[in-house]
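Examining the three-dimensional arrangement
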Amino acid sequence: MTSPGWLVIDGTPPAQLAADGLDGVVLLDTTEPAAAALAADLGLPVLAPGGPVVVSPGGTMFAAAGWWRHTPDGQRVAAGPRFPAPAWPDADLDATPIPAGWLLSAGPAPEITRSVAVDPARPLLVCDATVTGPGLAAALRALPEAADVAFLAPGQGAGRPVALAAAAELGEPVSLVNGIPLHTPSGEVVVYALDSALNPVWPEPAARLRCLPDGREEVAASTPPQPGLRALDAATYALELGWLVRVSGGGLHAMPVGPLAPAVGRAAVPAPEPAPAPAPAQESTADLTPYRQLADGRYRVVVGTPGLDINDLVWPALSTLFTAALTDVPAGVELEVIGEPTDWGRAAAAELAERHPGGDAAVKPYQVARVLALGAEPAAVAAPAPRRRLLLAAAGAAAVVALGAGVVAAWPERPAPAGTDAAGEPYPVPGGSGPSPAASGSRRPPSARPSSPAPRPSGSAPSAGPGGDTEGTSSSGGPDPLGLNGLLDLAAGRNTRDSGHADVYGSGNITDGDASTYWESRNNAFPQWVQVDLGNPAPVRRAVLRLPPSPAWPARSQRIEVQASADDKTFSTLVSAANYTFDPASGQRATIMLPGSQWRYVRLVFTANTVQGAGQLASLELYRL
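Attention here is on the structure that accompanies the text. (Residues numbered from 1 in each chain as written. Predicted model: local features only at pLDDT ≥ 70, side-chain atom pairs only at ≥ 80, totals over all residues. Heavy atoms only, no water.)

**A short note on unusual backbone geometry**
We count it as follows: Helix numbering and strand numbering both begin at the N terminus, where a helix is a DSSP run of H or I of at least 4 residues and a strand a DSSP run of E of at least 2. For each residue, the accessible area found with a 1.4 Å probe, counting protein chains only, is set against the maximum for its type, and the residue is called buried under 20%, exposed over 50%, and partly exposed in between.
That bond from Phe83 to Pro84 is cis: its omega, -10 degrees, falls within 30 degrees of zero. Along the chain, Pro84 turns up in the loop between strand 8 (82-83) and strand 9 (96-98). Between Phe526 and the following residue, Pro527, the backbone shows a cis peptide bond with an omega angle of 0 degrees. Take Pro527: it is sitting in the loop between strand 29 (519-520) and strand 30 (528-539). Of note in this structure, Leu198 is not a glycine but carries a positive phi near 65 degrees. Along the chain, Leu198 turns up in the loop between strand 15 (189-194) and strand 16 (200-203). Using a relative accessible area of 25% as the deciding quantity, one classes Leu198 as partly exposed. The backbone of Leu241 shows a phi angle near 55 degrees, a positive value even though the residue is not glycine.

As structure tokens, then:
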């Protein structure tokens, strides 16, 4: 980027150059006589660098040796390291200028600092491991305007204790970039955690933190820990089945909507502990402790809410989340389940613990800022701008997060019965007047008609049996205190109907919340359909279809059309027939995006199945979002 009215010339100036309409010329040539001669010829100021130039993507041109302004009358004036000058002014800091701001370091500037993205509104202070809390506070006091802080240190969450100490020293919040921001090949700015060689390895979900003087942190900005998740506030994202995932500087927490779920808009989380401390007793409060960074540097992943059951159907979604969020994390990972799992859920959690051990990994792709090749530098160049350093004590250096390996799957004692809060009292949930498994993620009561679980998935024909539908339960409307009803499954517990089914595999199994029960149509009788009655017309924008999430069910493809009706008589096609793959490796689920129009009845029409001569479905979930 250059200022309007300035012409940038990379190479030899043309013989004839019109000066009309120009405020000046930027000559990317370190030969001073050429710049001085051009200024005299044009009668305009000419800016030339004293050495190589780094062009920050979307930012300014940076010359570590400084820019020199040549005037038509032959004067040469130092113009600072950046052109055009950023919105933030230079500060009286004993620090090394870098493209994004300044480097606070007692040693040579590491090469990675040339890749730090420039925020045109705020300078960035990049600190190395010699910076202490008081030293950082002194540097921030020297700045005329607010700045962001980042730490050039290995590990996830590097520099958080130092930033918190500086906030306590200043008595005001410190804005911490929770890693090093870099431009990726796609052009996006991504905040990366670094490995022990200071290579970027892992995109940090909690990208920016506000470290508060009282020792707390607020997530000021984050990116989805899994692509495609919808943001509810700066730290919270919608998952599936009415579940949320909340990120912090030291971990993430997946939980069902319920009394202990954080209110949307509140992003404050406890700060990292400087030393191991006994876990406080769980209370009925939104500020639970799972966000707290572990003393040994591990990344803490928490699943569930004390006293609430964990629906089996959510484990495949959690597996996908953890695969996206924990690959290449430069720290050990602790997986702790604090909800009430089923036996199948315990097995799923153990499998997740084996699959996501953390530790060092391959370097993520990233793009350094472009360096303009200016040829060999002359033997004598203009004197660089003064390079000054902060005199920072090595004591109290920024903590380095230790690299670990292995995941600990912790299972606490049952704190309270399902459907109660931590004190054992019944709780209200959004969308109803009392405990609602649909809203909380709890397992529902078993279907009135028994259904064999996953043992017969591969294609053997079932025995003929009596028909009949399982009646679902309806949930009444009500207040939405958390504003999260859009995350809840509209089909949960609702009445169902089908064109026919085999044996005990009735349509009610698709809304009972049990991962092991399923609907299966009559064999070799396509087309077959199954539908759900939402009770009242509702805007439906997303359908999630599932089979039992078990490796015992081999991958298969089913051809399905989505229809809808307002009166259960005349049906319209929402999505034309298409093939959908159900694979144990991806959680045995398929997602279909819908138009979002108002319908009461939603029907799935099955016309093919590559494994079984019938339509099969364990769960149909319908969402407003």
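**Examining the pairing of strand 11 (residues 124-127)**
For a regular strand, the rule is simple: side chains alternate between the two faces of the sheet. The criterion, for reference: A pair of strands is treated as paired once DSSP finds two or more bridges between them. Handedness is read with the strands pointing away from the viewer; a crossover is right-handed when the path from the first strand over the helix to the second is clockwise.
Neither face of strand 11 is exposed, since Leu124 and Val126 on one face and Leu125 and Cys127 on the opposite face are all buried. Bridging between strand 10 (residues 101-104) and strand 11 involves four bridges; their strand directions are parallel. Following the sheet pairing, Gly101 is matched in strand 11 by Leu124. Here strand 11 pairs with strand 12 (residues 148-151) via four bridges, running parallel. If you follow Leu124 over to strand 12, its bridge partner there is Asp148. For the handedness criterion, the β-α-β arrangement of strand 11, helix 2 (residues 133-142) and strand 12 is classed as right-handed.

**Overview of the packing of aromatic side chains**
Our working rule: Here is the rule: rings of Phe, Tyr and Trp (six-membered ring for Trp) pair when centre to centre is within 6.5 Å. Planes less than 30 degrees apart are stacked, more than 60 are edge-to-face, and the remainder are tilted.
Taken as a whole and assessed by the stated rule, the structure comprises six aromatic pairs. On the basis of an interplanar angle of 75 degrees and a centroid distance of 5.3 Å, the ring pair of Trp202 and Tyr299 is categorised as edge-to-face. Residue Trp202 is found in strand 16, and its partner Tyr299 is found in strand 24 (residues 299-303); the two are separated by 97 residues along the sequence. Exposure class is identical for Trp202 and Tyr299. Each is buried. Aromatic side chains Tyr518 and Trp553 sit 4.8 Å apart centroid to centroid with 85 degrees between the ring planes, which places their arrangement in the edge-to-face category.

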